[in-house]
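# Secondary and tertiary structure notes
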Amino acid sequence: MSQANATDGTVSASDRPKGLFERTIGSIVLLKESPVGLVGAVLVTIFFIVAIFAPLLAPHHYETFIMPMAAPLSTGPNGEFLLLGADLRGRDIFSRLIYGTQRVVFYASLATFCAYIVGILMGLAAGYFRGWVDEVLSFLANVILSFPVMVLFVLIITSIGASGATIVFAVVFASAPGIMRIVRGLTLDIATRDYIAAAQTRGESPWYIMLVELLPNARGPLIVDACLRMGYTTITIGALGFLGLGLPPPFPDWGGMINETRTLAMGGFWWMPFFPALAVSLLVLGFNLLADGLREVSLRD
Amino acid sequence: MARLLVRRLGLMLLIMLVVGFILFIVNEGDPRKVARGVLGPYAQEQQLDIWIQENGYDRPIPVRFLDWVGGVATGDLGESVQYKRPVNEFFWERLGNTGILAGLTFLIMVPLALLLGVLAGMKEGSLQDRTISVASIITTSIPEFASAVILTTVFVIQLKWLPGTSSMAAGWDWMQMILPVTVLVLYGFGYIARMTRASMAEVMTTHYIRTAVLKGLPYKRVILKHALRNALIAPFTVIMLQLNWLLSGVVVTEYAFAYKGFGTLLLEAALRRDIFVIEACGLAAVFVAVLSQTLGDIGYTFLNPRIRFS
Amino acid sequence: MSDTLQQAEPVKSPPKGEPVLAIDNLSISYFIRAGEVPAVKDFTLTLYPGEAVGIVGESGCGKSTVAMAIMQYMGGNGGIVGGSIKFMGRDMSKMSQEELRQLRGSDIAMIYQEPMSALNPSMLIGRQLLEVPLFHEPGISEDDAWTRAEEMLAKVKLPDPARVMNAYPHQISGGQQQRVVIAMALLSNPTLLLLDEPTTALDVTVEAGIVKLIKEISAEFGTSMIYISHNMGLILETCDRVCVMYSGVAVETGTVKEVFDMMRHPYTRGLFGSIPLPTADKNANPLVPIRGQLPLPYNRPDGCYFGPRCDFFEEGRCDDPKGVPWLTVDEASGHAVRCLRWTEIDWDNYTPDMEQHPPNEPGEEVLHVENMRKYFEVRDTSLKALFTGKASRWVKANESISFSARKRETVAIVGESGCGKSTFAKVLMGLETSTDGQIVYNGEEISQLPVTRRTPRQIGSLQMVFQNPNETLNPSHTVGGQIIRVIKKFGVAKSEEDVHKRVDELLDLVKLPRAFKYRKPRQLSGGQKQRIGIARAFAGYPPMVIADEPVSALDVSVQAAVTGLLMDIQRQYDTTLLFISHDLSVVRYLSDRVVVMYLGMIMEQGDVEEVYAPPYHPYTEALLSAVPIADTSIEKREIVLEGNLPSVLNPPKGCPFSTRCPRKIGAICDEERPPFRDAGNGHVITCHIELEELSKVEPVIVTKSPGGGAGEKAPEPAE
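Every chain begins its residue count from 1, and numbering advances along the sequence as written. Chain A is the first chain written and ligand 1 is the first ligand written, with later ones labelled in order. Totals for whole chains, interfaces and linings use all residues, but because this is a predicted model, local features are given only for residues with pLDDT of at least 70 and pairs of side-chain atoms are given and counted only at 80 or more. Side-chain descriptors were evaluated using all non-hydrogen atoms of the structure, hydrogens and water having been removed beforehand.

### Structural notes on a nonpolar patch on the surface
Residue and element names in this part refer to chain A. A residue counts toward a patch only above 30% relative accessible area and without a salt bridge, and it is joined to like-charged neighbours within 9 Å or, for Val, Leu, Ile, Met, Phe, Trp and Tyr, to nonpolar neighbours within 5 Å. Here the accessible surface of atoms and residues is derived via Shrake-Rupley with a 1.4 Å probe, and residues count as covered only by protein chains that are part of the display. What makes a salt bridge here is a side-chain nitrogen of Lys or Arg within 4 Å of a carboxyl oxygen of Asp or Glu, nothing more. A cluster of nonpolar side chains, Phe-113, Ile-117, Leu-121, Phe-129, Trp-207 and Leu-211, forms an exposed patch at the surface whose accessible area comes to about 570 Å². In this text, helices come from DSSP runs of H or I with a minimum length of four residues, and strands from runs of E with a minimum of two, each type numbered from the N-terminal end. Of all elements in the fold, only helix H4 (93-129) and helix H9 (206-214) reach the threshold of two or more residues within the nonpolar patch. The element contributing the most residues to the nonpolar patch is H4, with four residues. Buried residues are those whose accessible area, probed at 1.4 Å on protein chains only, stays under 20% of the maximum for their type, while exposed residues exceed 50% and partly exposed ones sit between those limits. With relative accessibility at 39%, the residue Leu-211 sits in the partly exposed group.

### Things to note about the pattern of salt bridges
Working definition: two side chains of opposite charge can pair if their charged atoms are close together. Applying the stated rule across the entire model yields 63 salt bridges over all chains. Here Arg202(A) makes a salt bridge to Glu204(A), at a shortest N to O gap of 2.6 Å. According to the relative accessible area criterion, Arg202(A) is buried, its value standing at 5%. Measuring nitrogen to oxygen at the nearest pair gives 3.1 Å for the salt bridge that ties Arg457(C) to Glu444(C). Of this pair, Arg457(C) sits in helix H15 (residues 456-460) while Glu444(C) is found in strand S17 (residues 444-445), placing the two residues 13 residues apart along the sequence. Residue class for Glu444(C) comes out partly exposed when judged on its relative accessible area of 26%. Put simply, Arg202(A), Glu204(A), Glu213(A), Arg485(C) and Lys489(C) are held in one network by salt bridges that share partners.

### Considerations on the sheet that holds strand S15 (residues 410-414) of chain C
Residues and elements named next belong to chain C. Across the sheet, which stays open at both edges, the eight strands sit in the order S18-S19-S20-S15-S21-S22-S25-S24 with mixed pairing between neighbours. The outermost strands of the open sheet, each flanked by one partner alone, are strand S18 (462-465) and strand S24 (676-678). Recorded for the sheet is a direction-independent mean angle of 20° between the axes of neighbouring strands. The pairing of strand S22 (residues 601-607) with strand S25 (residues 684-686) spans two bridges and is classified as antiparallel. Paired with Gln-605 across the strands is Val-684, a residue of S25. Note: two strands are recorded as paired if DSSP finds a minimum of 2 bridges between them. All axes here are fitted lines through C-alpha atoms, helices being fitted over the stretch that makes contact, and every angle between N-to-C directions spans 0 to 180 degrees.

### Details of the interface of chain A and chain B
Tallying the contact residues gives 41 residues for chain A and 49 residues for chain B. Connecting chain A to chain B are two salt bridges. Two residues, Arg130(B) and Glu296(A), come together in a salt bridge whose shortest N-O distance is 3.7 Å. In protein, a polar contact means a hydrogen-donor-capable atom and an acceptor-capable atom, both N or O and within 3.5 Å, with residues adjacent in sequence counting only if both atoms are side-chain atoms; elsewhere, any N or O pair within 3.5 Å suffices. Scanning the region where chain A abuts chain B turns up seven residue pairs in polar contact (both at pLDDT 80 or more). Listed by contribution, the elements that provide at least two residues to the side of chain A that touches chain B are helix H5 (131-145), helix H6 (149-160), helix H10 (219-242), helix H11 (254-266) and helix H12 (271-300) of chain A. The leading source of residues in the side of chain A that touches chain B is H12(A), at twelve residues. Put simply, Ala, Val, Leu, Ile, Met, Phe, Trp, Tyr, Cys and Pro go in the nonpolar bin, Asp, Glu, Lys and Arg in the charged bin, and everything else, Gly too, in the polar bin. Among the residues forming the side of chain A that touches chain B, the class breakdown is 29 nonpolar, eight polar and four charged. By the convention used here, residues are in contact when the closest approach between their heavy atoms is within 4.5 Å.

### Notes on the nonpolar core
Only buried Ala, Val, Leu, Ile, Met, Phe, Trp, Tyr and Cys residues count toward a nonpolar core, and they belong to the same one when joined by side-chain atoms within 4.5 Å. Judged by nonpolar contacts, the single largest core of 179 residues is most densely connected at Phe43(C), Leu129(C), Leu192(C) and Ile226(C). If near-sequence neighbours (up to four positions away) are discounted, Leu192(C) is found in contact with Val20(C), Leu21(C), Leu47(C), Ile70(C), Phe87(C), Asp107(C), Ile108(C), Ala109(C), Thr223(C), Ser224(C) and Ile226(C). If you look at the next biggest cluster of nonpolar residues, it comprises 128 residues, including Ile144(A), Met210(A), Leu290(A) and Leu283(B).

### Digging into the interface of chain C and chain A
One widely used convention gives an interface's size as the accessible area the parts lose upon coming together. Tallying the contact residues gives 32 residues for chain C and 30 residues for chain A. Each partner contributes to the roughly 2,700 Å² buried at the junction of chain C and chain A, and carbon and sulfur atoms together form 53% of this total. In this assembly, chain C and chain A are joined by ten residue pairs in polar contact (both at pLDDT 80 or more). Among the elements of the structure, helix H16 (469-472), helix H17 (479-490) and helix H18 (496-509) of chain C are those that each provide at least two residues to the side of chain C that touches chain A. Accessible area that two parts lose when put together, with a 1.4 Å probe and added across both, is what the buried area reports.

### Comments concerning the side chain of Glu58(C)
All names here are of chain C. Tracing the backbone through its elements, the reader meets Glu-58 in the loop between strand S3 (52-56) and helix H2 (63-70). For the buried Glu-58, no salt bridge is present, and the opposite-charge side chain at shortest range is Arg-309, 5.2 Å distant. Those residues within four positions of Glu-58 in sequence are excluded, and the remaining contacts are Lys-63, Tyr-267, Leu-271, Asp-555, Val-556, Ser-557 and Val-558. Charge assignment in this entry is limited to Lys and Arg as positive and Asp and Glu as negative, and neither His nor the chain termini are counted.

### Description of the sheet that holds S3(C)
Through backbone hydrogen bonds, the strands of a sheet pair up, either in parallel or in antiparallel fashion. Residues and elements named next belong to chain C. An order of S6-S7-S8-S3-S9-S10-S12-S11 is seen for the eight strands of this open sheet, with the pairing classed as mixed. On the outer flanks of this sheet lie strand S6 (108-111) and strand S11 (327-330), each paired with one strand and no other. Going across the sheet, the axis of each strand differs from the next one's by a mean of 20°, ignoring polarity. Alignment of strand S9 (residues 241-246) against strand S10 (residues 249-255), held across six bridges, turns out to be antiparallel. Paired with Val-244 across the two strands is Glu-252, which belongs to S10. On top of the sheet, H2 reaches S3, S6, strand S7 (192-196), strand S8 (224-229) and S9; it is set at about 145° to S8, its chief contact.

### Some thoughts on the pairing of strand S21 (residues 593-598) of chain C
Residues and elements named next belong to chain C. The buried fraction of S21 amounts to six of the six residues, a majority that puts the element mostly inside the structure. Neither face of S21 is open: one carries Arg-593, Val-595 and Met-597, the other Val-594, Val-596 and Tyr-598, and all of them are buried. One ladder, built from four bridges, connects S15 with S21; its direction is parallel. In the sheet register, Ile-413 faces S21, and the bridge partner there is Val-595. The pairing of S21 with S22 spans six bridges and is classified as antiparallel. Bridge pairing in S22 places Arg-593 opposite Asp-607. Two successive antiparallel strands, S21 and S22, enclose a turn made up of two residues, where Leu-599 displays a positive phi of approximately 50°.

### Side note on unusual backbone geometry
Between Pro614(C) and the following residue, Pro615(C), the backbone shows a cis peptide bond with an omega angle of -5°. Secondary-structure assignment places Pro615(C) in the loop between helix H22 (608-611) and helix H23 (618-626). Positive phi values are uncommon outside glycine, yet Ala258(B) reaches one of about 55°. Turning to its location among the elements, Ala258(B) is positioned in the loop between helix H10 (219-257) and helix H11 (262-272). Of note in this structure, Lys157(C) is not a glycine but carries a positive phi near 60°. Mapped onto the elements of the fold, Lys157(C) is located in the loop between helix H6 (142-155) and helix H7 (161-165).

Nothing here speaks to function; it is all geometry.
Right, dumping it as structure tokens:
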């Protein structure tokens, strides 16, 4: 493919296939058109960088005892600067937030990714084969979607116990039907296009058609949805921590940090739950703004 | 129309049965676990066996399930392990409390969201649109547990205007409802508003709106008679699904403010493995969700003549 | 009717009274982030009372923009950047919103391209109609408005107006919807009626009814009309004067007669050269496509915008940045042209350089279809159906299809929407299997062979060109990648090198640069995408190619190029072409044999000359009469079909055409399937009427002799 035909002499810049790098740059340039989306992209990027480099960025270990109940901007006994204060057990809230970022970003990404694989496969099959496959899968999706998400989580987690794997499983179980519905709708639409008929008439197998011919053309709305869903999953993981059903301590978890300290907040130690709440909101805001920006940009084309 | 109604109700019943079966299997599939839960961790193996025999848990699962369905259908929800009294005695009051919280939230959230959504979608890209859109994105980004903390910090701890819990310990107090309702409305309204906006903006670009304008109708009539009805079809289904979401939010919010509703009951029961309460809560939640979906579908058909007459 | 008005007015110069609409040097631009995109430049048009003016041009020429500018409705990003529009002497750009509102829908009304989307889906038709009197006639009551609306529905010849008033738009057919839109426009008795491609979305027999109605309206109400269309034939039927647009500029204007008979602008000339008129012949007198492509709005050349595509382009004159002024051709008739060289071009001695070919000699039989049936099961899930046991009904998509195609031959299957032509293609391709009957292709029986069970060779030997250029290629993959996949799949070439050689060959074959293989489909124009679609279909050296409406979504000038290409490749490869189309003009031009279908059945088939001349099947006769022809020397007998296309779920028991047939002879038509009547030489008519009777029918299309008298038969005399 890449061997440009030099004898033609007509290969212009726009004729050459674009690399992944060029395309990524292209989408960032596009996002510039939407200031809202750009703010979202910056927020999300910051959180991802923090997550990846957490041990390098955190001033202290998340369990190091420094000074109990220190207020924000205070200094510890050994001159440690406590930007966001410390909690009941004297741990630096800022450092714990940074490690918490790592945890929430990791689990949200993993869970969303898994949910997408399941949801895409189900949605493609339902929308492409239709008939009884569709009826069975759609009924299953309906049953699961008829549980209020949080009730479903509470039931799942209390019956099999809280762990990282449980949380991923619960998110996949609860989100996949929603993703399936979106993919199914897109599939039903795209399957009527002539290029799908062209692939059928040259005898391609159904899964080749679904994965190679169909799925790439559904990517626009799916990327937007994936951003939104990352936001929901972040909220879910936070809410589970808040309800005491999240990942077990000692590794810091934003929701858990809020839950442990919110009664203390009433006594005036407001910063202990406040900053984790702010962090969750900012990360979710980043995803939502990014999704909005991407949608806006994709609609303009 | 009648056909659709019958079909939807049939589907609803089927989903309830399937969900009921799942709940039943998860909670009561293993008779030993049930007996252990009722008699406590210190009961001996023989005691468990006796209890299983006395309560008919030695029968095969299908028989027990039918029995269970019969019980639920006649209003027998079993006895709570934790409170040692019939679930019926306290369950409905808890559910009612949640009904009040959710109802109030809906009453404020839906009109607010629809109004803002329509205002934003009417003139896509205008300042009015951008302001409303960004505001609704920001509020939907703050989960209930975070806004509970942030609002408590501001209005309870700093300003001392509002009570920090809503346990209604000293009788019913409307002041205690303000924070939970605000938390739920803040998180929930943005989504409906954004759907309404998108739907309205789409309708405003359709050819039939152009026809209406070029027919020489006043702008107000174009919006009210031609745009609004078509624009509200899509958000309607969303609102109905939102009821489902609201129930999730309710669990978190009730826990945050110690409100004695269905959510806190479910959490306590789940933590203590109070199986009959869990089952009752699960069934109630699914019933509300499925009912709202059914109503949503029927309403959608009613609003959209293209489906109604085909 | 303009004559009667002329007499009523005192004779003036111009003699037709005050103009209804005077557009003077109008320029319109759209403003996007990239900057200003000029859509229309320097457009001038004067419309007198009772006159009908056509604006004609290909897509993107700015004709619809002009209509929207007259309505002063251009969305958020469009604006008038120069010139003026005066309605009844008042400058429209100086009117307030309220003044405009009072004008819209009362003095100026509009009829739109797609009636379905022009009507509010969730509002009763009656309520939508009564709004017009309600908001333009102070003091009228809702009841009176309702009655008026109902009366107007009767005037536009809708059957059962009371029922239509209480229906939603989706409950009536497309033709009826357009009548509702027309009624809505006429309710306020407008001075000016704008028609923006009012029949483009409709089937040709339905179109004929609407066109007839429009003509009657202009006669009865004396309304001035601006008729916007890409179809020259429709303009000829409906308008007095015409204005030809190209790339945002009007290039030629004058009376219809002058412009159609003595066109002066090379673009107008080119446009007519690419229309398949009855005089065109694929071998002796092939169509002449316009070379090159329409310039993008922000990338137009200096001087004459048509310059780069014009055979008479002269450097230094035609590319003068000052542009081209209007030059008068004929003062009296108002014929003017925007071409600096119009006096210098000798059209009489101009013959475009088009290759002539000897007619194809058909070879052995390649495809033989015998009594093929395709029924679909439609499950009824209603409770009533469950109780009565009638849970499924059968849609007879194809019924008793028999015909054959020979090597090198072009066989056209022609029919309106719902006639079953696409279902037939699906069965051939193996996407569906037939219910009954045989299909022998290349010596193999394939009617029961789904594509999944066909060998790569079988698949490669029967391929298809699709209709919609924007859907035929997968937007996610490069053009080259998509052709490579096909070549590998058919086993045409094995080694990488051979595969790439074949890709280049195919691109050469469809006359596209080889570098196009690196492009994504969105970097290609519609015609180019269609060429890639053709290249893909020919990858496996197929003996036969099915072309499903391959040019119907393209502009005429591109159409001519793509059909020309298709026929070139056909000659080169000795391919049989199965051409599925609804367009009788294109079919007449390029096919050797024609199969006419209606509601799943073949009504008539035979050699093209025989099908287009008596004896006709009454349906063929009606179809031929309905097709607008852009030739002033042709006269047609008017046959307008009544009623709607019956539903495929509930087709007539006897002859499928019996419900609309103007030549119906009695109950036998409703009760019994018509017999196949053989007129010799494979010309078969499926009709209850005796061949003798059918032979007595006059031809639908006759060419007037140069003196003006009718009589001479169309150029294809029956044998």
